[in-house]
Amino acid sequence: MLLSSKGKHRRPSKAVRIATLAGVAGAAVAVPLMGATNASAASVATWDAVAQCESGGNWSINTGNGYYGGLQFSQSSWAAAGGTQYAPRADLATKAQQIATAERLLDMQGPGAWGCAGAGNLTNDGVDPGVNTGSSSSSSSNSTASSGASEQQSAPAAPKQQAQPKPAERTEAPAASRSDRSEAPRAESKKTVTTPTGGKVKKGDGEYKVVSGDSLSKIAADHKVEGGWQHLFELNKDIVKNADLIYPGQQLHLTK
């Protein structure tokens with residue numbers, strides 16, 4: 001639980017006066033020139049102890065009270081110590097970046113900048129925490145990632161290859177089929193006879209072939225067909241539709 005009696009960088013200091021005179025942006029530029037030296041440094045364990053007292057060890061805390069991050073930077077102290085080169089506010093920066101900024105503030109203001117300095121025995125003990133802020137590598141990786149994403153977005157999608165229509169295969173009809181087709185008219189002609197008017201009638205397969213001048217009665221009489229022409233007509237009703245009309249070339253059955 002945070003206590004309202006904590007200092008939290010509220011003491012007027014050289015850093016605050018610099019930030020006030022130069023402005024936040026100017027302070028961010030000026031800080032690298034007066035960065036922390038080994039003369040003002042504390043170990044990571046010491047900063048962890050201070051953060052535990054200041055914020056319960058929560059390095060991304062922002063309660064809305066005007067102090068941010070694990071070491072509860074005020075916005076003016078964060079800017080004055082160069083923290084804005086990492087993030088706009090301390091709670092948006094990594095633990096290592098907050099410690100690096102705190103090292104610079106420690107050099108500028110001393111341990112009294114933190115109300116919880118005593119809880120962590122914060123002093124200018126000269127111990128370099130050796131933290132890696134990762135600002136350059138982080139920005140480089142972010143730049144690479146964004147560049148890669150940009151390339152992916154801008155790169156046109158490869159056109160889908162459309163399957164080419166398969167050329168129709170030419171197939172030659174087997175010789176037997178062509179022969180069958182050519183034989184078909186002849187086969188049909190063998191089963192029919194042509195009438196004088198050009199029509200087609202069934203030929204039949206009987207033993208007697210009709211010749212010009214024939215009639216059913218004449219054929220029945222000449223060949224002594226039992227039952228006469230009527231029986232002859234019954235025997236050949238499949239090809240003779242009218243007893244008075246038979247055609248040369250038709251083949252009639254004379255018996256069953």
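Residues numbered from 1 in each chain as written. Predicted model: local features only at pLDDT ≥ 70, side-chain atom pairs only at ≥ 80, totals over all residues. Heavy atoms only, no water.

S.K.: Break down the overall build of the protein for me, with residues and values.
M.R.: What the protein contains, in helices and strands, is 8 helices and 6 strands. Taken from N to C terminus, the helices and strands of the protein fall in the order α-α-β-β-α-α-α-α-β-β-β-α-α-β. When the 256 residues of the protein are sorted by exposure, 34% land in the buried category. Look at the contacts in the protein between residues 6 or more apart in sequence, and 61% of them connect residues 24 or more apart. For the protein, the exposed area adds up to about 15,400 Å²; of that, 53% sits on carbon and sulfur atoms. (Helix = DSSP H or I, 4+ residues; strand = E, 2+ residues; numbered from the N terminus. Buried < 20%, exposed > 50% of the residue type's maximum accessible area, 1.4 Å probe, protein only. Contact = heavy atoms within 4.5 Å. Areas by Shrake-Rupley, 256 points an atom, 1.4 Å probe, with all protein chains shown as cover.)

S.K.: Before we move on, can you summarise the nonpolar core with the specific residues and values?
M.R.: With 26 residues, the main nonpolar core has Trp47, Leu71, Phe73, Trp114 and Leu122 as its most contacted residues. Among the secondary structure elements, those contributing two or more residues to this core are α2 (44-55), α3 (75-80) and α4 (95-109). The next biggest cluster of nonpolar side chains, apart from the first, holds 13 residues, and it includes Val210, Leu216, Val225 and Ile239. (Core = buried A, V, L, I, M, F, W, Y, C linked by side-chain atoms within 4.5 Å.)

S.K.: A description of the confidence of the model for the protein should follow, citing residues and the corresponding values.
M.R.: Low-pLDDT stretches of the model should not have their predicted coordinates read in fine detail. Scored by pLDDT, the protein comes out at a mean of 73, with 60% of its residues at no less than 70. Predicted confidence for residues 136-156 stays below pLDDT 50, and this span has 1 contact to residues more than four positions away or in other chains. (pLDDT = per-residue confidence, 0-100.)

S.K.: Talk me through the state of the cysteines; I want residue IDs and the actual numbers.
M.R.: In protein chemistry, a disulfide is the covalent bond that joins the sulfur atoms of two cysteines. In total, this model carries 1 disulfide according to the counting rule given. Here Cys53 is linked by a disulfide to Cys116, with a sulfur-sulfur distance of 2.0 Å. Judged by the torsion about the S-S bond (-55 degrees), the Cys53/Cys116 disulfide is left-handed. One end of the pair, Cys53, is in helix α2; the other, Cys116, is in the loop between α4 and α5 (135-154), and 63 residues separate them in sequence. Judged by relative accessible area, Cys116 falls into the buried class, the value being 3%. (Disulfide = S-S within 2.5 Å.)

S.K.: Describe the pattern of salt bridges, with residues and values.
M.R.: Here the structure, examined in full by the defined rule, presents 4 salt bridges. Of the charged contacts in the structure, one is a salt bridge between Arg89 and Asp91, with a shortest N-O distance of 2.9 Å. For Arg89, a relative accessible area of 25% puts it in the partly exposed group. By relative accessible area, which is 9% here, Asp91 ends up buried. (Salt bridge = Lys/Arg side-chain N within 4 Å of Asp/Glu carboxyl O.)

S.K.: Pulling in residues and values, what's your account of helix α8 (residues 228-235)?
M.R.: Every buried residue of α8 is listed here: Leu232, Phe233 and Leu235. Seen from one end, α8 has its buried residues packed into an arc of 160 degrees, which puts them on one side. Where α8 is buried, its residues touch α7 (216-222). (Arc of directions from axis to C-beta.)

S.K.: Can you break down unusual backbone geometry residue by residue, with the values?
M.R.: Positioned with a positive phi, Gln72 is a non-glycine residue whose angle comes to about 50 degrees. By secondary structure assignment, the location of Gln72 is in the loop between β1 (67-68) and β2 (73-74). The phi angle at Lys224 is positive, at roughly 50 degrees, despite the residue not being glycine. Structurally, Lys224 is set in the loop between α7 and α8.

S.K.: Before we move on, could you go through the environment of Asn242 and cite the residues and values that matter?
M.R.: Considering the arrangement of structural elements, one finds Asn242 in the loop between α8 and β6 (251-252). Judged by relative accessible area, which is 35%, Asn242 ranks as partly exposed. A distance of 2.9 Å separates the side chain of Asn242 from the backbone nitrogen of Asp244, its partner in a polar contact. (Polar contact = N/O pair within 3.5 Å; in protein donor to acceptor, adjacent residues only side chain to side chain.)

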